[in-house]
Amino acid sequence: MVYFVATPIGNLKDISLRALEVLHSSDVIFCEDTRHSLKLLNSYNIKKPLFSCHKFNEKEAACKIIAEARAGKTVAIISDAGMPVVSDPGNIVCSELKREAIEYSVIPGANAFLSALVLSAMPAERFAFIGFLPEKTGEKKQLLEKYKNLDMTLCFHSAPQDVERDICAMYSVFGDRNACAVREITKIHEEAVNFSLSEGLTGEKRGEYVILVEGAKESGNPLNILSEKEHILRYMQGGMEKMDAVKQAAKDRGISKSEMYKFSIDL
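A brief report on the enclosed structure follows.

The rules behind these values
Residues numbered from 1 in each chain as written. Predicted model: local features only at pLDDT ≥ 70, side-chain atom pairs only at ≥ 80, totals over all residues. Heavy atoms only, no water. Buried < 20%, exposed > 50% of the residue type's maximum accessible area, 1.4 Å probe, protein only. Helix = DSSP H or I, 4+ residues; strand = E, 2+ residues; numbered from the N terminus. Pairing = 2+ DSSP bridges. Lys, Arg positive; Asp, Glu negative; His and termini not counted. Salt bridge = Lys/Arg side-chain N within 4 Å of Asp/Glu carboxyl O. Axes fitted to C-alpha atoms, helices over the stretch in contact; angles between N-to-C directions. Parallel < 35°, antiparallel > 145°, perpendicular 65-115°, else oblique. Left-handed = near helix turned anticlockwise from the far one by under 90°. Contact = heavy atoms within 4.5 Å. Nonpolar A, V, L, I, M, F, W, Y, C, P; charged D, E, K, R; others polar.

1. Thoughts on the pairing of strand 10 (residues 209-213)
Most of strand 10 is tucked away, with five of its five residues classed as buried. Where burial is concerned, the two faces of strand 10 agree: the one with Tyr209, Ile211 and Val213 and the one with Val210 and Leu212 are both buried. Bridge count for strand 7 (residues 153-158) against strand 10 is five bridges, and the pairing is antiparallel. Note that in strand 10 the partner of Ser158 across the bridge is Tyr209. Summarising the sheet, strand 8 (residues 178-183) and strand 10 pair through five bridges and their orientation is antiparallel. Residue pairing in the sheet places Val182 in a bridge with Val210 of strand 10.

Shown next as structure tokens:
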């Protein structure tokens, strides 16, 4: 059997009895980073052969996992923290196991964005998990455009060096919204800081972040479903001067007039 095993996201005590049982009984363990996983495994006196399974070798690791499973061995797969596959390596392995009709199971456990959702106190009846944004600003905005009209809490992962650029991209696409930055979950310095996208997040950025952003608010203005350029043009077609149309469209969307103006340059 192959097991995908959730591991702690901070506090090493946040591991289930079943996860420990599986790790102790496994013949081999595949880790995102074997050096990182040793801290957890050594703390519970788990001594097993370790192999790497990360985003750069996942296809090759999948072949080895399949070979080990076919040889009758019990295989455990873990990431550095939390649930494998979710913003971590493992999805390719799942696909290959399915394709080869090899049985696998999951040992559930700690999850960063669900914990952050609780700590943020933001609406949780419905939410969308987006994960990490692309590196390039243009690609960030392109991805965010797909979610800007969702009327539910949006959940993102963000590395400390990317937090400011990610928030800036969110503001440029979503306009001003309430948000919460959660970091160091289950650790000594755990905190959930509320802020607005227009103001940004102040202070030194340390630790891995989960950023939660409120969903789009219902609007009685049907023009908000149009593109920015079409929105301005519709007002102009109704008789407004261009700058008045820009001002009104910006007000409709909850963004600044200067941000809206760039969509009107060639009108």
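2. Structural notes on the side chain of Glu184
Its place among the elements puts Glu184 in the loop between strand 8 and strand 9 (191-196). At 4.1 Å, Lys187 is the nearest oppositely charged side chain to Glu184, a buried residue that forms no salt bridge.

3. Comments concerning the packing of helix 6 (residues 137-145) against helix 7 (residues 163-174)
Interaxial distance between helix 6 and helix 7 falls to 9 Å at its minimum, and their mutual angle equals 50°. One element, helix 6, and the other, helix 7, form an angle in the oblique class. Viewed along their axes, helix 6 and helix 7 form a crossing whose handedness is right-handed. Listed contacts from helix 7 to Thr137, Lys140, Lys141, Leu144 and Glu145 of helix 6 are Arg165, Asp166, Ala169, Met170, Ser172, Val173 and Phe174. Here the residues of the contact of helix 6 with helix 7 sort into five nonpolar, two polar and five charged.

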